[in-house]
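Now for the letters of each chain:
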Amino acid sequence: MRRTILLLISATMMLCAATGTAKNTTSTTYKGNKMDRNLFSKEPIYKLKMRGNQKFIVFINGVDVFRSFEKGNHALITVNDYIVNGDNNISLTLIDRPKLSPKAWGVVSLEVYYTDKNGIQRHHTLSRLVYDLTLKEKTGDTSKPGFYRFDDEKGMIADANGSLIIGKIVTKPETMYRRTKADGIKATQSVRIPAPYPRWRFLDAPDIIDKDFDYLTKEEHEKLKQTPKIQALYALDAKIRQALKNKTPQSIIDLFSERFQEEAAALYDTPQNLKKLLLDDFIEVVHNPNKTFIEYTGDDFYFVIEKNRKLAWIKPIEVYDKETGIYSRYNIKYRLNKRGEWVITR
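About the cut-offs
The numbering scheme is per chain: residues are counted from 1 as the chain's sequence reads. Where local features are concerned, this predicted model is filtered to residues with pLDDT of at least 70; where side-chain atom pairs are given and counted, the filter is 80 or more; whole-chain, interface and lining totals use all residues. The side-chain quantities take in all heavy atoms of the structure and omit both hydrogens and water. When DSSP finds two or more bridges between two strands, those strands count as paired. In DSSP terms, a helix is any run of H or I states spanning at least four residues, a strand is any run of E spanning at least two, and both are numbered starting from the N terminus. Lines are fitted to the C-alpha atoms to define the axes, a helix being fitted only along its stretch in contact, and any angle between axes, read from their N-to-C directions, falls within 0 to 180 degrees. pLDDT expresses how confident the predictor is about each individual residue, on a scale running from 0 to 100. Here a residue-residue contact requires only that any non-hydrogen atoms of the pair lie within 4.5 Å. Each Phe, Tyr or Trp ring, with Trp reduced to its six-membered ring, pairs with another whose centre is within 6.5 Å; inter-plane angles below 30 degrees give stacked pairs, above 60 give edge-to-face pairs, and intermediate values give tilted ones. Criterion for a charge above a ring: Lys NZ or Arg CZ within 6 Å of the ring centre, and within 35 degrees of the ring normal. A side-chain nitrogen of Lys or Arg and a carboxyl oxygen of Asp or Glu constitute a salt bridge if their distance falls within 4 Å. Buried residues are those whose accessible area, probed at 1.4 Å on protein chains only, stays under 20% of the maximum for their type, while exposed residues exceed 50% and partly exposed ones sit between those limits.

K.L.:
Tell me what's going on with the sheet that holds strand β17 (residues 326–330), and back it up with residues and numbers.
P.N.:
Sheet strands pair via backbone hydrogen bonds, and the direction of the pair is either parallel or antiparallel. The three strands are arranged β13-β16-β17 in an open sheet whose pairing can be described as antiparallel. The sheet is open, and its two borders are formed by β13 (291–293) and β17, each paired with just one other strand. When strand polarity is set aside, the average angle formed by the axes of neighbouring strands in this sheet is 25°. Of the strand pairs in this sheet, strand β16 (residues 317–321) and β17 are connected by five bridges, and their pairing is antiparallel. In the strand pairing of β17, D321 is matched with I326.

K.L.:
Tell me about the confidence of the model for the protein chain, and name the residues and values.
P.N.:
Looking at the protein chain as a whole, its pLDDT mean stands at 90, while 90% of the residues score no less than 70. Low pLDDT, under 50, characterises residues 1–32; the predicted model gives this stretch 104 contacts beyond four residues in sequence or across chains.

K.L.:
Give a detailed account of the packing of aromatic side chains, specifying residues and quantitative values.
P.N.:
Taken as a whole and judged by the stated rule, the model has 17 aromatic pairs. Every member of this aromatic cluster is reached through a ring pair, and the members are F40, Y46, Y114, F150, Y197, W200 and Y268. Stacked on the ring of Y296, the Lys or Arg K315 has its end atom at 4.6 Å from the ring centre.

K.L.:
Before we move on, could you go through the side chain of S109 and cite the residues and values that matter?
P.N.:
In this structure, S109 sits in strand β6 (residues 105–115). Among residues more than four places away in sequence, those in contact with S109 are K47, L48, K49, T125, S127 and R128.

K.L.:
Give a detailed account of the pattern of salt bridges, specifying residues and quantitative values.
P.N.:
Under the definition given, this model contains 27 salt bridges. The partner of E174 in a salt bridge is K307, and the shortest N-O contact between them spans 3.6 Å. Of this pair, E174 sits in strand β11 (residues 170–177) while K307 sits in the loop between β14 (303–305) and β15 (312–314); the two residues are 133 residues apart in sequence, bridging distant segments of the chain. This pair shows no difference in class: E174 is buried, exactly as K307 is. One salt bridge connects R339 with E341, and the closest N-O pair in it is separated by 2.9 Å. By relative accessible area, R339 is classed as exposed at 66%. Each member of the salt-bridge network shares a partner with another, and the members are D81, R201, E258, E262, R335 and R346.

K.L.:
So what's going on with the sheet that holds strand β7 (residues 121–132)? Which residues, and what values?
P.N.:
The four strands are arranged β4-β1-β6-β7 in an open sheet whose pairing can be described as antiparallel. Only two strands of the sheet have a single partner each, and these edge strands are β4 (74–78) and β7. Strand after strand, the sheet turns through a mean of 15° between neighbouring axes, direction not considered. The sheet contact formed by β6 and β7 spans 11 bridges and is antiparallel. Bridge pairing in β7 links V112 to H124.

Right, here's the structure in full:
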């Protein structure tokens, strides 16, 4: 199971990939008792369950974790390494070009899976965010804002003295996506829950830019791409790709040390085991005669800065298997340290 979760989050065949405080998010205030970090046991699994009938994008704490540009898509993904102890901002963006369908809708649920103190496996929905353009009250089927307590059998129970909080929904138009005009709406809801994790390092990383990446003009984007900061990102990415082409993944595996440490905490594993899993996977790929690395140039070799402005990534490393016809993908996300150097963090 741990290997399955790792591959979903960290390495191959990923549909998507961290958290920071996102811009334009909801806010709440403390009330009631202090949260018990082990409320859902010492090893909870947090998942986002998503579905929609049009194009939609889902963010948690300003990080894009799932994009569906096909109608009627759905997904269930593990987000342990994006969850923080406290307020978590979940956003749903419905978007299309040139016009958003008046029948568009989407649903995102935050779920927890855990084993209680009696050894019983539990599964509960902690929050539910709905935006449905066909309804008079577009968010009418969403979890009600307020204070909650948690019960192993009943899940979230409204309680004025509870320490768990679901915030009010904040909505705003989304008129751009990757510098292209679009028509959309973004709905964000905060959920205050406990999590047994240390504070992820990228939460306190310097902002990479001072404005929303999607709203950069083409000229601003090209200028940013040519800066020493982004060119250093491309240089580090090139170092990893070249090592894989040279069949020497051992030479770059330690660049992933922070990712191994933090995902070990998120997945209840060890950094050593996660390092071995990824290195073994790299070794298998580079020595498999049926697998080749896909080359990208120009506009196809793009870079992205997340909504939280703390994380950046370049077009993922992709591998094509001639025997099976399957493409595999390695997503790598970077942050800046205080010296302005890039660090692999996810």
